[in-house]
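Topology and contacts: notes
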Amino acid sequence: MGFLIKNKNRIAYFNSAEKNTAYELGNQLCELMQEHVLLNRTIVFLCIGSDRATGDCLGPIIGYKLSKYKTLPNIYVYGTLEEPVHAKNLKDTIETINMAHEDAFIIAIDASLGKSNHIGYITLGVGPLKPGAGVNKDLPEVGDVYITGIVNFSGLLDQMLLQTTRLNVVMSMADQICLGINYCITQLKALTLQS
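The rules behind the values
Residues numbered from 1 in each chain as written. Predicted model: local features only at pLDDT ≥ 70, side-chain atom pairs only at ≥ 80, totals over all residues. Heavy atoms only, no water. Helix = DSSP H or I, 4+ residues; strand = E, 2+ residues; numbered from the N terminus. Buried < 20%, exposed > 50% of the residue type's maximum accessible area, 1.4 Å probe, protein only. Core = buried A, V, L, I, M, F, W, Y, C linked by side-chain atoms within 4.5 Å. Contact = heavy atoms within 4.5 Å. Salt bridge = Lys/Arg side-chain N within 4 Å of Asp/Glu carboxyl O. Arc of directions from axis to C-beta. Pairing = 2+ DSSP bridges. Disulfide = S-S within 2.5 Å. Axes fitted to C-alpha atoms, helices over the stretch in contact; angles between N-to-C directions. Left-handed = near helix turned anticlockwise from the far one by under 90°. Nonpolar A, V, L, I, M, F, W, Y, C, P; charged D, E, K, R; others polar.

Description of the side chain of Gln176
Positionally, Gln176 belongs in helix α5 (residues 167–194). With relative accessibility at 16%, the residue Gln176 sits in the buried group.

Overview of the nonpolar core
Counting residues in hydrophobic clusters, the biggest one holds 39 residues, and the most contacted among them are Leu29, Met33, Phe45, Ile62, Ile107, Ile147 and Ile181. Among the elements that line this core, the one with the most residues is α5, at 10 residues. With residues near it in sequence (within four places) discarded, Met33 still touches Ile43, Phe45, Phe105, Ile107, Cys184 and Leu188. Membership of the second largest hydrophobic core comes to 19 residues, among which are Tyr78, Ala104, Leu139 and Ile150.

Points about unusual backbone geometry
Backbone geometry at Asp103 places phi at a positive 60 degrees, although glycine is not the residue there. Residue placement: Asp103 occurs in the loop between α3 (90–100) and β5 (105–114).

Remarks on the environment of Thr164
Assignment of secondary structure puts Thr164 in the loop between α4 (158–163) and α5. Given the relative accessible area of 49%, Thr164 is considered partly exposed. As a C-alpha pair, Thr164 and Ala53 span 111 residues in sequence and 8.0 Å in three-dimensional space.

Brief notes about the pattern of salt bridges
If you walk through the whole model with that rule in mind, you get 3 salt bridges. A salt bridge links Asp138 to Lys130, with the shortest nitrogen-to-oxygen separation between them at 3.4 Å. Using a relative accessible area of 33% as the deciding quantity, one classes Lys130 as partly exposed.

Details of α3
Inspection of α3 places Leu90, Thr93, Ile94 and Ile97 among the buried residues, and these make up the whole buried set. Take α3 and look down its axis: the buried residues cluster within an arc of 100 degrees, on one side only. With respect to the buried face of α3, the exposed residues turned more than 90 degrees away are Lys91 and Met99. Where α3 is buried, its residues meet β3 (43–47), β4 (75–78) and β5.

Side note on the pairing of strand β7 (residues 145–153)
Counting buried positions along β7 yields 8 of 9 residues, so the element is predominantly enclosed. The pairing of β5 with β7 spans 8 bridges and is parallel. Counterpart to Ala108 in the pairing with β7 is Tyr146. With 5 bridges joining them, strand β6 (residues 121–126) and β7 adopt antiparallel strand pairing. Residue pairing in the sheet places Ile122 in a bridge with Gly149 of β7.

Details of the state of the cysteines
In this structure the tally under the stated criterion is 0 disulfides. In this structure Cys178 is a free cysteine whose sulfur lies 7.7 Å from that of Cys47, the closest cysteine sulfur available. For Cys178, a relative accessible area of 3% gives the class buried.

What about the environment of Ser50?
Within the fold, Ser50 resides in the loop between β3 and α2 (58–69). Relative accessible area serves as the criterion here: at 14%, Ser50 is assigned to the buried category. Excluding residues that lie within four positions of it along the chain, Ser50 makes contacts with Asp56, Cys57, Pro60 and His86.

A look at the packing of α2 against α5
At their nearest, the axes of α2 and α5 sit 9 Å apart, and the two run at 40 degrees to each other. Note on packing geometry: the crossing formed by α2 with α5 is right-handed. In contact with Leu58, Ile61, Ile62, Lys65, Leu66 and Tyr69 of α2, α5 contributes Val170, Met171, Met173, Ala174, Asp175, Ile177, Cys178, Leu179, Ile181 and Asn182. Taken together, the residues of the contact of α2 with α5 sort by class into 13 nonpolar, 1 polar and 2 charged.

Rendered as structure tokens:
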């Protein structure tokens, strides 16, 4: 089973090394999104990170992949390898999203640091994401739901840890997260056709 913990804060942990991770992540995400999609609310995937540090490129890689296969008309992706959303433009991007997509349901996606035995785990949580917290950056909170990938452990010199993160860890999590999102979107598409 992919879940490690599901607690009162509504955070679920998935081990990206397990076979059913994408399916379980997709099902949980679908439950969180279903009402909003059926109400024709715009869905925004805000993929945060920089392509200049291996540990921080999870968001832009996911954004790049999602931009290739989104299949519902009310879904938008911000933050790709070509146009990353990072510390310097996050505030402006949030303002752009709020102006372009009034009352959008935002799913924020970012890399995170955690305990060493959680490296490779994906989290899905309800509420806003606090990007940059792992490297002591003061950035605006964003999102109704968040997805993070724990790419490395937290400790001294966190910025250096992001620079030395293994690309294989990032790519494995990006693949699982994208498969989960794609599964979720496929399920939601079927629901909208039925209603």
